[in-house]
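Report on the structure
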There are 2 protein chains.
Amino acid sequence: MSENTRWLNEVKWDEHGLVPVIAQEASSGDVLMFAWMNRDALQRTAESGEAVYWSRSRRKLWHKGEESGHVQKVVDIRIDCDNDVVLLKIEQVGGIACHTGRHSCFFQKYFADGHWQAIEPVLKDPQEIYK
Amino acid sequence: MSENTRWLNEVKWDEHGLVPVIAQEASSGDVLMFAWMNRDALQRTAESGEAVYWSRSRRKLWHKGEESGHVQKVVDIRIDCDNDVVLLKIEQVGGIACHTGRHSCFFQKYFADGHWQAIEPVLKDPQEIYK
């Protein structure tokens, strides 16, 4: 790990020591997923060049793609005007970010008659992805 | 307000009754900002066609652009696979989403030598925006 970690101190970590992270596909501009990072996750992401998140449900570091192979190669790391949200521009290996086997997690669209509907295709059966 | 609000019940509101929201410019794909909505804000956003957020600092509804005129016209409302994050595709009136007068709030880039640097231009002096 690098000794220059002042940039990590500039992030406004929330009361749980986390920051929200938006993962955007650099080539298409598609927003693929939303997750959280702690300080260690952000440092590892920057140093390894692959997205590492903090899994709030499993309470541990989560190297995205560690099971599926669908890792995210970091292209750009941005932070917002308040230093409390990270935008990660990535290239999505395998083209699938969602655990449902879809390109993006944001596949449910609101229709004005008052319902959500899945409108994006499943590219690969999750049972094939997580063997 | 519409009586069909079942779709609002399907959102997994957090312990504060909020959901994180990513605002993405529909035409460019640029991620412009990140904010929060409560149930009322999401309903108003859907019904009015303009983004209404919940300001956590001011603890009140915040019709984006109410002061600046930089309202966000809703093009599409998406929700993620876990029903706990909203992606709002919008058109940004005035082309400025950030209170610093920039197009996007994500104007600070991480450089590998370990620092953040603002790399996007201020399009309009904030003192001109918020008179």
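Residues numbered from 1 in each chain as written. Chains lettered and ligands numbered in written order. Predicted model: local features only at pLDDT ≥ 70, side-chain atom pairs only at ≥ 80, totals over all residues. Heavy atoms only, no water.

As named in an unreviewed UniProt entry, chain A is Phosphoribosyl-AMP cyclohydrolase, taken from Thauera chlorobenzoica. UniProt annotates chain A under Subunit (unreviewed entry) with the comment "Homodimer." (UniProt positions renumbered as here; feature names shortened; annotations may be inferred.)

With that settled, consider the overall build of chain A. Looking only at helices and strands, one finds three helices and eight strands in chain A. Its C-alpha atoms give chain A a radius of gyration of 16 Å, within 12% of the compact-globule value 14 Å for 131 residues. Its C-alpha atoms give chain A principal-axis dimensions of about 50 × 35 × 30 Å. For chain A, the residues scored as buried account for 50% of the 131 residues in total. Of all intrachain contacts in chain A linking residues separated by at least 6 positions in sequence, the fraction that spans at least 24 positions is 44%. In the structure as shown, chain A presents an accessible area of about 6300 Å², 46% of it carried by carbon and sulfur atoms. Taking the 16 positively charged and 20 negatively charged side chains of chain A as two groups, their mean positions are separated by 3 Å. (Helix = DSSP H or I, 4+ residues; strand = E, 2+ residues; numbered from the N terminus. Rg over C-alpha atoms; globule rule 2.2 N^0.38 Å. Buried < 20%, exposed > 50% of the residue type's maximum accessible area, 1.4 Å probe, protein only. Contact = heavy atoms within 4.5 Å. Areas by Shrake-Rupley, 256 points an atom, 1.4 Å probe, with all protein chains shown as cover. Lys, Arg positive; Asp, Glu negative; His and termini not counted. Charge placed at Lys NZ, Arg CZ, Asp CG, Glu CD.)

Here we come to the sheet that holds strand E1 (residues 18-25) of chain A. Taken in spatial order, the six strands of this open sheet run E2(A)-E1(A)-E6(A)-E5(A)-E7(B)-E8(B), and their pairing is mixed. Bordering the open sheet on either side are strand E2 (31-38) of chain A together with strand E8 (115-118) of chain B, each of which pairs with just one other strand. The sheet shows a mean angle of 35 degrees between the axes of neighbouring strands, direction not considered. Note: strand E5 (residues 72-79) of chain A against strand E7 (residues 108-111) of chain B, two bridges, orientation antiparallel. Pairing of A:Arg78 across the sheet is with B:Lys109, part of E7(B). (Pairing = 2+ DSSP bridges. Axes fitted to C-alpha atoms, helices over the stretch in contact; angles between N-to-C directions.)

On to the interface of chain A and chain B. With 39 residues of chain A at the interface, the matching set in chain B holds 39 residues. Between chain A and chain B, a total of about 3400 Å² is buried, with carbon and sulfur atoms accounting for 61% of that surface. Interface area lost by chain A to chain B is led by A:Arg78, A:Phe106 and A:Trp116, which between them contribute 21%. Summed over the shared surface of chain A and chain B, the number is four salt bridges. With its nearest N and O atoms 3.2 Å apart, the salt bridge here joins B:Arg78 to A:Glu120. Viewed at the interface, chain B and chain A are joined by 22 residue pairs in polar contact (both at pLDDT 80 or more). Mapped by element, the contributors of at least two residues to the side of chain A that touches chain B are E1, E2, E5, strand E6 (86-92), strand E7 (108-111) and strand E8 (115-118) of chain A. With four residues, the top contributor of residues to the side of chain A that touches chain B is E5(A). Its residues assigned to classes, the side of chain A that touches chain B shows 21 nonpolar, nine polar and nine charged. (Buried area = accessible area lost by both parts, 1.4 Å probe. Salt bridge = Lys/Arg side-chain N within 4 Å of Asp/Glu carboxyl O. Polar contact = N/O pair within 3.5 Å; in protein donor to acceptor, adjacent residues only side chain to side chain. Nonpolar A, V, L, I, M, F, W, Y, C, P; charged D, E, K, R; others polar.)

This part is about the pattern of salt bridges. Scanning all chains against the criterion turns up 14 salt bridges over all chains. Linking B:Lys109 and A:Asp76 is a salt bridge whose minimum nitrogen-to-oxygen distance equals 2.8 Å. Pair noted here: B:Lys109 is in strand E7 and A:Asp76 is in strand E5, and the two residues belong to different chains. Using a relative accessible area of 10% as the deciding quantity, one classes A:Asp76 as buried. Several salt bridges converge on common partners, so that one network encompasses A:Asp76, A:Arg78, B:Lys109 and B:Glu120.

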